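Close look at the chain arrangement
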Amino acid sequence: MLRLDALTKTYKTGDQALKAVTLAVPSGQVLALIGPSGAGKSTLIRCINRLVEPSSGAVMLGDVDLTKLGAGALRRERRRMGMIFQEYALVERLTVMENVLSGRLGYVGFWRSLTRRFPQSDVDEAFRLLDRVGLLHMADKRADELSGGQRQRVGICRALIQNPALLLVDEPTASLDPKTSRQIMRLICELCAERGLAAIINIHDVALAQMFVARVIGLRLGEVVFDGPPDGLTPDRLTEIYGEEDWEATIDALDEEDEIEAAE
Amino acid sequence: MPVLESDAGPVWRKRTKGQALARWFGWLLGVAIFLWCWQRISDKTTWFFVWDAPDIAADVLSRATPPRWEYIDRLWWPIWDTINIATLGTIAALIMAVPVAFLAARNTTPSAIFIRPIALLIIVATRSINSLIWALLLIAIIGPGVFAGIVAIAIRSIGFCAKLLYEAIEEIDATQVEAITATGASRWQVMAYGIVPQIAPAFAGIAVFRWDINIRESTVLGLVGAGGIGLQLQGSLNTLAWPQVSLILLVILLAVVISEWVSAKVRGAII
């Protein structure tokens, strides 16, 4: 459904963030993108919806090459790609409802959006989504009154109300505590399964990634160095992605966590 | 080289010997220049007038008190004019300042090379000329009266409001804008949802702050004939009607205190 073809990004400073990344994501597949800071994870997902302009290569969403689109056509295609951010990126001074409805901006005209007269079907869907993530009672609160986990749930609603085919998720748990992180990851993966969405999740918590996804991509210095199932991440593989370190502890910790989860 | 080796181990100093000496000479030079300037000013002052000043001030004060309270009947309209000049001038300035600010802010300007310098020029040009001078110019162009005062206040305030607003625009959180862009929103929708909510508190704060300043500026516009209470002040000063002058000053003080109170309340309510 999504295909990256030799996608390259070179910044003006000469830094090559992505080196001819080629990758195919079938419909409904949730994959985790891991790698050290500066490996190009954020750049990769921003090149897909062109918040960052790729230097060369192609991004095929279905049959459309996103890199070739003009401004209007790009806006229409962006509606099919929901994005979830590390620091939630909610508009702090708007209410939860306005934040969720802002996911419909691509479908609604300027004046209607300015006066907040969204179609009733959009409002119904916003209420359904807020109910699904357990925030129905918060609909009228301002976004800056919410806790981190609640904000990220609103961010998820905003992405889903776009009715996307693909979710681009940038470090969804980096600002959250371990328990909330798991809840958010579980929620994202459940919602993807319910709706048959494909998702690319940037994440630097390897154990968390292994817990929830079926496929892991390892990125190092802008190149794909690992592509496989989570069990394939052996200490050798992790060393290849991140560099030399004692990985046994990470893998042991993961095993223990699994046992605790099973016991619960 | 703030770390010196000594027999008892390394010693840390904030400055090296050379730097300390240079600073000492800097201070010496500064004090010398200050004393020289003091001497020059002192030589050019007619000290007789200065020694005389307390007596004159006491004389003026005794003539000015008590204020001529019944004169208040002729001040209601001028002070109302003054407040209107400030309010309408501020509104007009804000309407013109908003587009200028968006054109001047690095993250929203359509062209950093061609349009941004023009916007910055507008900001500098309107800011650098005092409203009294604008009023003098405008009275020559559109004639004396309240309208000239409103336009003078409006032009003078564009630069101030636009500068503070564009700084607020440049400080917004870019990820919120990114998030709205990623939904497929158009350029204007990104502005309405991603940028405007973030700068709304700054905008309201700037508006009442400038209104507060303009109340004070518009009280003197009458001195050059641009309407408001300054006309009465000038008339009273010219006829040496000190009791009227003192009443006018009291009325101006009251208006300024009230405007300060209002703007403090409004700012408190927004933030």
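Numbering of residues begins from 1 in every chain and follows the order in which that chain's sequence is written. Just so you know, chain letters begin at A and ligand numbers begin at 1, following the order they were written in. The predicted nature of this model means local features are confined to residues of pLDDT at least 70 and side-chain atom pairs, given and counted, to a pLDDT of 80 or more, with totals for whole chains, interfaces and linings taken over all residues.

For chain B, an unreviewed UniProt entry supplies the name Phosphate-import permease protein PhnE and the organism Jannaschia donghaensis. UniProt positions are given in the numbering used here, feature names are shortened, and annotations may be inferred rather than shown by experiment. Checking UniProt for chain B, the heading Subcellular location (unreviewed entry) contains the comment "Cell membrane".

Chain A is annotated in an unreviewed UniProt entry as Phosphate-import ATP-binding protein PhnC of Jannaschia donghaensis.

1. Some details on the domain arrangement of chain B
The domain architecture assigned to chain B consists of domain 1 (1-42) and domain 2 (77-270). These domain boundaries are the output of an automatic or database domain assignment. When each unit is reduced to the centre of its C-alpha atoms, the spacing between domain 1 of chain B and domain 2 of chain B is 45 Å.

2. Notes on the nonpolar core
For this analysis, nonpolar core means a set of buried Ala, Val, Leu, Ile, Met, Phe, Trp, Tyr and Cys residues linked through C-beta atoms within 7 Å. Here the C-beta atoms are placed from the backbone, and a residue counts as buried if at least 20 other C-beta atoms lie within 10 Å of its own, exposed if 12 or fewer do, and partly exposed otherwise. The biggest cluster of nonpolar side chains holds 129 residues, and the ones touching the most others in it are Val100 and Ala199 of chain A together with Ala101, Ala152, Ala162 and Leu165 of chain B. The biggest single contributor to this core is helix α6 (residues 146-170) of chain B, with 14 residues. If we skip the residues at most four places from it in the chain, Val100 of chain A touches Ala126, Leu129, Leu130, Val154, Cys157, Arg158 and Ile161 of chain A. Labels follow the DSSP assignment, with helices taken as runs of H or I lasting at least four residues and strands as runs of E lasting at least two, numbered in each case from the N terminus. Contacts are defined on C-beta atoms placed from the backbone: any two residues whose C-beta positions lie within 7 Å are in contact.

3. Examining the interface of chain A and chain B
Taken together, the contact between chain A and chain B spans 21 residues of the former and 19 residues of the latter. Contributions of two or more residues to the side of chain A that touches chain B are made by α2 (71-78) and α4 (110-114) of chain A. Just so you know the grouping, Ala, Val, Leu, Ile, Met, Phe, Trp, Tyr, Cys and Pro go in nonpolar, Asp, Glu, Lys and Arg go in charged, and all remaining residues, Gly too, go in polar. When its residues are assigned to classes, the side of chain A that touches chain B shows nine nonpolar, six polar and six charged.

4. Thoughts on the sheet that holds strand β8 (residues 198-202) of chain A
All names here are of chain A. Strands sit in the order β6-β7-β8-β3-β9-β10 across an open sheet of six strands; the sheet is mixed. What marks the edges here is a single partner per strand, and that holds for β6 (81-84) and β10 (223-228). Neighbour to neighbour, the strand axes of the sheet diverge by 20° on average, direction disregarded. Paired strands, in this sense, are two strands between which DSSP finds at least two bridges. Two strands pair when backbone bridges link them, and strand β7 (residues 166-170) and β8 are joined in this way by five bridges, in the parallel orientation. In the strand pairing of β8, Asp170 is matched with Asn202. On the sheet, helix α9 (residues 235-242) packs against β3 (30-34), β9 (215-220) and β10 and is oriented at approximately 155° with respect to β10. With axes taken as lines fitted to C-alpha atoms, and helix axes fitted only over the stretch in contact, angles between N-to-C directions fall between 0 and 180 degrees.

5. Some points on the UniProt feature "domain: ABC transmembrane type-1" (unreviewed entry) in chain B
Summarizing the sequence annotation, UniProt attributes the feature "domain: ABC transmembrane type-1" (unreviewed entry) to residues 79-263 of chain B in the numbering used throughout. The distance from the first to the last C-alpha atom of residues 79-263 of chain B is 18 Å, and the span holds 83% helix and 0% strand.

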